[in-house]
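Coordinate analysis (summary)
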Amino acid sequence: MAWSSPRTFAAGEVLTAANLNTYVSDDLSYLYGVRWGNGRRNVLINSTQIDVWQRGTTFAVGSSTKTYTADRWAAYRSGATGMTVSRQTGPTGWRYTMRVQRDSGKSSTADLQMIQALETADSYKLAGQTCQLKVNLRAGANYSPTSSLVTVKVTYGTGTDQDPTASWTGTTDALSQTQAITTTATDYTIDSISIPSSATQVKVQISFTPTGTASTNDYLDITAVQLTTGQAPGYERIPAQETLALCQRYFYLLPQSGADGAAYSTTGCCLTCHFPVEMRTIPTSSYPAGTYGTNFWAIGNGTSTTVPTDNFIGTRKVTMAQDGYTGLTANRGGSLYSHPGISFSAEL
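The text that follows walks through the structure, step by step, so that each part is easy to find. (Residues numbered from 1 in each chain as written. Predicted model: local features only at pLDDT ≥ 70, side-chain atom pairs only at ≥ 80, totals over all residues. Heavy atoms only, no water.)

Comments concerning the pairing of strand 21 (residues 333-338)
To keep things clear, this is the line we draw: By this definition, two strands are paired if DSSP reports at least two bridges between them. Starting at the N terminus, helices and strands are each numbered in turn, a helix being any DSSP run of H or I of at least four residues and a strand any DSSP run of E of at least two.
Of the pairings in the sheet, the one linking strand 14 (residues 260-263) to strand 21 comprises three bridges and is antiparallel in character. Note on strand 21: the bridge partner recorded for Asp260 is Ser335.

A closer look at the pattern of salt bridges
What counts here: Definition used for salt bridges: Asp or Glu carboxyl oxygen within 4 Å of a side-chain nitrogen of Lys or Arg. The classification of residues rests on relative accessible area computed with a 1.4 Å probe and restricted to protein chains. Under 20% of the type maximum is buried, over 50% is exposed, and intermediate values are partly exposed.
Inspection of the entire model under this criterion finds 13 salt bridges. Salt-bridge contacts for Asp122 lead to Lys125; the nearest nitrogen and oxygen are separated by 3.9 Å. By relative accessible area, Asp122 is classed as partly exposed at 25%. Between Asp221 and Arg138 there is a salt bridge whose closest N-O contact spans 3.0 Å. A residue pair is termed long-range when its members are at least 10 positions apart, and Asp221 in strand 12 (residues 219-229) and Arg138 in strand 7 (residues 130-139) qualify at 83 residues.

Focus on unusual backbone geometry
With phi around 55 degrees, Asn46 is a residue other than glycine that occupies positive phi space. For Asn46, the position within the fold is in the loop between helix 1 (17-37) and strand 1 (58-61). Judged by relative accessible area, Asn46 falls into the buried class, the value being 4%. Non-glycine residue Ser148 carries a positive phi angle of around 55 degrees. Tracing the sequence through the fold places Ser148 in the loop between strand 7 and strand 8 (149-157). Assessed through its relative accessible area of 25%, Ser148 is described here as partly exposed.

What about the pairing of strand 17 (residues 292-296)?
Extensive coverage of strand 17 is indicated by the burial of four of its five residues. Of the strand pairs in this sheet, strand 17 and strand 18 (residues 300-304) are connected by five bridges, and their pairing is antiparallel. Its bridge partner lying in strand 18, Phe296 is registered against Gly300. Taking the residues that link successive antiparallel strands as the turn, the strand 17-strand 18 hairpin has three residues, and the phi of Ala298 there is positive, at about 65 degrees. Bridge count for strand 17 against strand 21 is four bridges, and the pairing is antiparallel. Along strand 21, the bridge assignment pairs Phe296 with Gly334.

Some details on the environment of Arg280
The test is simple: Contacts are assigned to residue pairs that have any heavy atoms within 4.5 Å of one another.
Tracing the backbone through its elements, the reader meets Arg280 in the loop between strand 15 (269-274) and strand 16 (284-286). Sequence-wise, Arg280 and Ala346 are 66 residues apart; in three dimensions their C-alpha atoms are separated by 5.8 Å. Those residues in contact with Arg280, other than ones at most four positions away along the chain, are Glu119, Asp161, Arg249, Tyr250, Ala346, Glu347 and Leu348.

Below is the structure:
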């Protein structure tokens, strides 16, 4: 059941059956569906409040290099550098906005792209549906695209869990539209986006094509993006903890005290971390160079600069082995208390 925006009736206007059906009956049915029948509407994650930034808050995007920035959002620029994505203070009603900027002084006019791709398991719900895309965008003072245009796309494919920046199997744009934007954060809504029943993966892409040489404020602020089946009257907001948990299916930054285990020799230990949610697939671990600190029972704190390795890794936990300690006692319990940024990625 579609949603019709509220209408103000004029004094003396005859209230017709058609008006009652459209503005009362249909809208009530729609609201009941949202409340009890349809569940969550927005299929994107970390998108209507871009609050989760586990990897950091500023990212320099390499040439033709997929770079995950805010959780679930991939940045890409084909054949050019000079792209920075950063977390900035949002407009009224939002804590943050995602700023996509062409670096000052750069003259490449290659597109700057931000993409969120759904995994196949979450794309099936869109197959055979008519969708709505709602975005909140703002241009910087020196935004350079012709006519201040931004390009918005909803793309589907027939493959399985493909890379958001790759050419998908059966790739087709269900939506490819330009929108002129201003220096005021504004909502834009696009209806009647048809996703065929054959679609098995869907993504949203927001991009702009700069011109000339970038000045100081050649940027686009993306504050909210929402993709729903049918029409939605507003943005869906969920608690920050729920958004974090949804993001951790794809990426997990280990807390400083996030693993426990025991020494297995005088120089080495095994530590286990249980992921807070099941990850999408067996993740790729990242153990940066640096100093790792572990506290051992009845021994005290020990440090090592030897990079850990996976002893076992699955979708629910990892056990890491690490040498390079001194003075340990085998079978003494230990807990990691500091590390230079252990993370696990199961992104597309």
